[in-house]
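# Inside the fold
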Amino acid sequence: MTYTPPSTDQILALRVNAGMEEIAAAERFADASPDVVQAVVEGAGTFAAGEWAPLNRKGDTEGARIVEGKVVLPEGFAQAYRDFVDAGWNAVSAPEEFGGQGLPLSLAVAALECLGSANMGFSLLPMLTVGAIEALIHHGSEEQQQLYLPRVVSGEWSGTMNLTEPQAGSDVGALRTTATPIDDGPHAGKYRIVGQKIFITWGEHELAENIIHLVLARTPGAPAGSRGISLFIVPKFHVEHDGALGARNDLKVVSLEHKLGIHASPTCVMSYGDNGECIGELIGAENEGLRCMFTMMNNARINVGAQGVQIAERAMQQAMAYAGERVQSARAGSADKSPVPIAEHPDVRRMLLRIRALTEGGRALLYYATGQLDQASLGSNQARLRAELLVPLVKAWCTDMGVEVAGIGIQVHGGMGFIEETGAAQHYRDARIAPIYEGTNGIQAADLVTRKLGMERGGVFFALMDDINAYATEHGVLALQELAESCRQTAEHLIDPGSLDDRLAASVPFLNACAIAVAGWQLRRQADALPSADVPLAFTKRKKVVARYFIEHLVPEAMGDLAQAQKGASLLYELTSEELTA
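Conventions used here
- Residues numbered from 1 in each chain as written.
- Predicted model: local features only at pLDDT ≥ 70, side-chain atom pairs only at ≥ 80, totals over all residues.
- Heavy atoms only, no water.
- Helix = DSSP H or I, 4+ residues; strand = E, 2+ residues; numbered from the N terminus.
- Rg over C-alpha atoms; globule rule 2.2 N^0.38 Å.
- Buried < 20%, exposed > 50% of the residue type's maximum accessible area, 1.4 Å probe, protein only.
- Contact = heavy atoms within 4.5 Å.
- Areas by Shrake-Rupley, 256 points an atom, 1.4 Å probe, with all protein chains shown as cover.
- Lys, Arg positive; Asp, Glu negative; His and termini not counted.
- Charge placed at Lys NZ, Arg CZ, Asp CG, Glu CD.
- Phe/Tyr/Trp six-rings, centres within 6.5 Å; stacked < 30°, edge-to-face > 60°.
- Lys NZ or Arg CZ within 6 Å of the ring centre and 35° of its normal.
- Salt bridge = Lys/Arg side-chain N within 4 Å of Asp/Glu carboxyl O.
- 1 Å grid on protein atoms, 1.4 Å probe; cavity = no way out; pocket = protein on both sides within 12 Å on 5 of 7 lines; lining within 4 Å.
- Points joined across faces, edges and corners; volume = space filled by probe spheres on them.
- Nonpolar A, V, L, I, M, F, W, Y, C, P; charged D, E, K, R; others polar.
- Expected span 1.5 Å × (residues − 1).
- Bend = angle between axes of the 7 residues up to and from the residue.
- Polar contact = N/O pair within 3.5 Å; in protein donor to acceptor, adjacent residues only side chain to side chain.
- Core = buried A, V, L, I, M, F, W, Y, C linked by side-chain atoms within 4.5 Å.
- Pairing = 2+ DSSP bridges.

Along the backbone of the chain there are 18 helices and twelve strands. In terms of C-alpha radius of gyration, the chain reaches 24 Å, essentially the compact-globule figure of 25 Å for 582 residues. Across its three principal axes, the chain shows a C-alpha extent of roughly 85 × 60 × 55 Å. Every one of the 582 residues in the chain was classed for burial, and the buried ones make up 56%. In the chain, 74% of the contacts between residues at least 6 apart in sequence involve partners at least 24 apart. Accessible area for the chain stands at about 23700 Å²; split by element, carbon and sulfur atoms hold 52% of it. In the chain, 47 positive and 70 negative side-chain charges are present, and the distance between their average locations comes to 5 Å.

See the structure below:
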């Protein structure tokens, strides 16, 4: 199944949802003119379709493997990564002073969307590197930035996040990896790192010259829990003062996880300091690892939300192509008994409209959030707060949406969807990790109701719902108006002091409803911005129908989510744990 970049829809989302024209009005992003935006989006799409998409199936069937202590990828991956670096796709939004292009984050997310739709497992390599870049920019010393960033920005060196340990899971405060200060010798001022980390994405490979691991560890005498963790730069190869590579550090890959999907992405168990000589350097200050970590995590959560859109786009394209080609049965009630493409049958038509509405609604939500992040980087505090509110919505709803679309894509294929050779099943297997990593979607929902909802005593959330309500009222979208108002009323109930169990029990359905409200608003804004001279009439017609389907079918479902959110936690605890799990 080939991949066709959705460039027209991406450019529309950048213009309408991200607000690229307003972003480009700032001097910092003045280079993001309409022709540059079009060139980046179309160029990334062409590159992804031509070089990364053909490796997607091979990456799934052959996967990453360990050979004599080295992680080996299928043939073609090394050249595709070199071409990616040479073309500058890793550096779209990085600062120009470190070799980046200095363009808006929302434009970089559009480029990464193409790469992820083409090959989700492969795209995790640059995605994690971007998180390392963000951590170094915000928390690294000037010396660290000058030493590491130019080659990490270019993609010559890749980056990882090392948080999880076998006994800790999502509780980073329970980690046991240690970092002991070195007082003398050639590594004075640095730390000896000892410990093991699991689930390290692209933790070892041969595609980049060096790997810059960002490792959470605990220093001697540090406070217990999450308050006592620090963040360290631990390179695969030591880096000399002039940037040259030195000897290999005392770290190694122990094993690769055998996963349901994303087989092209080596998920590593990493061991540090088996010989007592793993050297790392502190980034930020001691015991500030949690703050540094959240810089990486928020970036990763947006990019994981983007993965939901990416895999939905790929699964949708395959389902649409199959439904248009697969001929079976006559149209029900038709006088002509000739078999027709299954896209003519009502239930298949329903599924196709649903997956397109979900995918395009997810993209609208994603690009709206990244546009707010760009505005925040220009100094807007209002945009910063709104972006913080949107992060859990993007991460959780878009990834759940990606799983749903991939699942419906299999259903469209019928029995052939359950057969691996068609490729539809890979999309579902790949998509299923996204609701889990970078903080499970339940954690995202808990973050929404326990932290984000209370920002400015609910003022940040209420302002968002007011904007949706005002737009829906102005344009006569009654269902969306009712949803925004119901989200507001539910939020007022959840903000009031009460049972934490009740708030957490409500969190997932509440998040879903809020995300649908924002996505529906942003998708309707796209439809209302058309027609325009640079968009084909057929695209305009389809967009307006898809937006209408979202409002008429998905928004009413969200009202049911809010009804669930009002039920509280009492029923969840009617049974004891023993009775429930017996």
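This part takes up the packing of aromatic side chains. Centre-to-centre distance and the angle between the planes together describe a pair of aromatic rings. Counted according to the given criterion, the structure contains twelve aromatic pairs. Consider the rings of tyrosine 191 and phenylalanine 232, whose centres lie 4.9 Å apart with planes at 65°: the pair is edge-to-face. Here the residue tyrosine 191 occupies a position in strand S5 (residues 191-201), and phenylalanine 232 occupies one in strand S7 (residues 230-235), the gap between them amounting to 41 residues. Pair check on accessibility: tyrosine 191 and phenylalanine 232 agree, each one buried. Chaining the aromatic ring pairs together yields one cluster made of Phe47, Trp52, Phe77, Tyr81, Phe84, Phe122 and Trp202. Sitting over the face of the ring of phenylalanine 237, arginine 248 holds its NZ or CZ atom 6.0 Å from the ring centroid.

Moving on, we come to the environment of leucine 562. Along the chain, leucine 562 falls in helix H17 (residues 537-565). Leucine 562 sits 370 residues away from arginine 192 along the chain, and the two C-alpha atoms are 51 Å apart. When sequence neighbours within four positions are dropped, the list of residues in contact with leucine 562 reads Leu483, Ser486, Cys487, Thr490, Phe510 and Ala513.

It is worth spelling out the pattern of salt bridges at this point. Enumeration according to the criterion identifies 29 salt bridges in this entry. Across the pair arginine 57 and aspartate 60 runs a salt bridge whose closest N-O atoms are separated by 3.2 Å. In this pair, arginine 57 and aspartate 60 are both assigned in helix H4 (residues 56-62), three residues apart and thus about one turn of the helix distant. Overall, the relative accessible area of 29% leaves arginine 57 in the partly exposed class. Salt-bridge contacts for arginine 192 lead to glutamate 277; the nearest nitrogen and oxygen are separated by 3.8 Å. Of this pair, arginine 192 sits in strand S5 while glutamate 277 sits in the loop between strand S11 (267-272) and strand S12 (279-283); the two residues are 85 residues apart in sequence, bridging distant segments of the chain. Judged by relative accessible area, glutamate 277 falls into the partly exposed class, the value being 40%. Through salt bridges with shared partners, a single network forms among Asp9, Glu113, Glu313, Arg356, Glu360, Arg363 and Lys543.

With an omega of 5°, the peptide bond between leucine 530 and proline 531 qualifies as cis. For proline 531, the position within the fold is in the loop between helix H16 (500-528) and H17. Backbone geometry at asparagine 287 places phi at a positive 70°, although glycine is not the residue there. Mapped onto the fold, asparagine 287 is located in the loop between S12 and helix H9 (289-325). Using a relative accessible area of 30% as the deciding quantity, one classes asparagine 287 as partly exposed. At serine 329, a residue that is not glycine, the phi angle is positive and equals roughly 70°. Position of serine 329 among the secondary structure elements: in the loop between H9 and helix H10 (346-377). Since its relative accessible area comes to 42%, serine 329 is described here as partly exposed.

With that settled, the discussion passes to the side chain of glutamine 426. Considering the arrangement of structural elements, one finds glutamine 426 in helix H12 (residues 424-431). Ignoring sequence-local partners within four residues, the contact set of glutamine 426 consists of Asn56, Arg57, Asp60 and Glu420.

Taken as a whole, this structure holds one cavity of 30 Å³ or more when the rule is applied. A volume near 40 Å³ is recorded for the largest cavity. At the level of secondary structure, the elements contributing two or more residues to the lining of the largest cavity comprise H4 and H12. Tallying contributions element by element places H4 first for the lining of the largest cavity, with three residues. The class makeup of the residues in the lining of the largest cavity is two nonpolar, six polar and two charged.

Our focus in this paragraph is the environment of alanine 506. Tracing the sequence through the fold places alanine 506 in helix H16. The exposure class of alanine 506 is buried, given its relative accessible area of 1%. Linking alanine 506 and leucine 494, residues twelve residues apart in sequence, is a C-alpha distance of 8.3 Å.

Here we take up H16. For H16, built from 29 residues, the straight-helix expectation of 42 Å at 1.5 Å per residue is met to within 8% by its first-to-last C-alpha distance of 41 Å. Residue serine 507 marks the point of greatest curvature in H16, where the axis turns by about 45°; the proline proline 509 follows within four residues. Here H16 starts with a cap whose side-chain oxygen sits 3.2 Å from the backbone nitrogen of aspartate 501, and that cap is serine 499.

Let's shift gears to the nonpolar core. One finds Phe122, Trp397, Phe461 and Phe510 to be the most contacted residues of the largest nonpolar core, which totals 180 residues. Per-element tally for this core: the top contributor is H9, with 16 residues. By size, the runner-up hydrophobic cluster in this structure holds five residues, among which are Val16, Leu530, Val535 and Phe539.

On to the pairing of strand S9 (residues 245-248). Pairing of strand S8 (residues 237-239) with S9, which is carried by two bridges, proceeds in the antiparallel orientation. Its bridge partner being in S9, phenylalanine 237 is matched across the sheet by arginine 248. Connecting S8 to the antiparallel partner S9 that follows it, the hairpin turn spans five residues, and glycine 243 within it adopts a positive phi of roughly 90°.

It is worth spelling out the side chain of threonine 267 at this point. Counting through the fold element by element, threonine 267 comes out in strand S11. Residue threonine 267 is classed as buried on the basis of its relative accessible area, which comes to 7%. Aside from chain neighbours lying at most four places away, what touches threonine 267 is Phe199, Ile200, Ser255, Leu256, Glu257 and Lys259.

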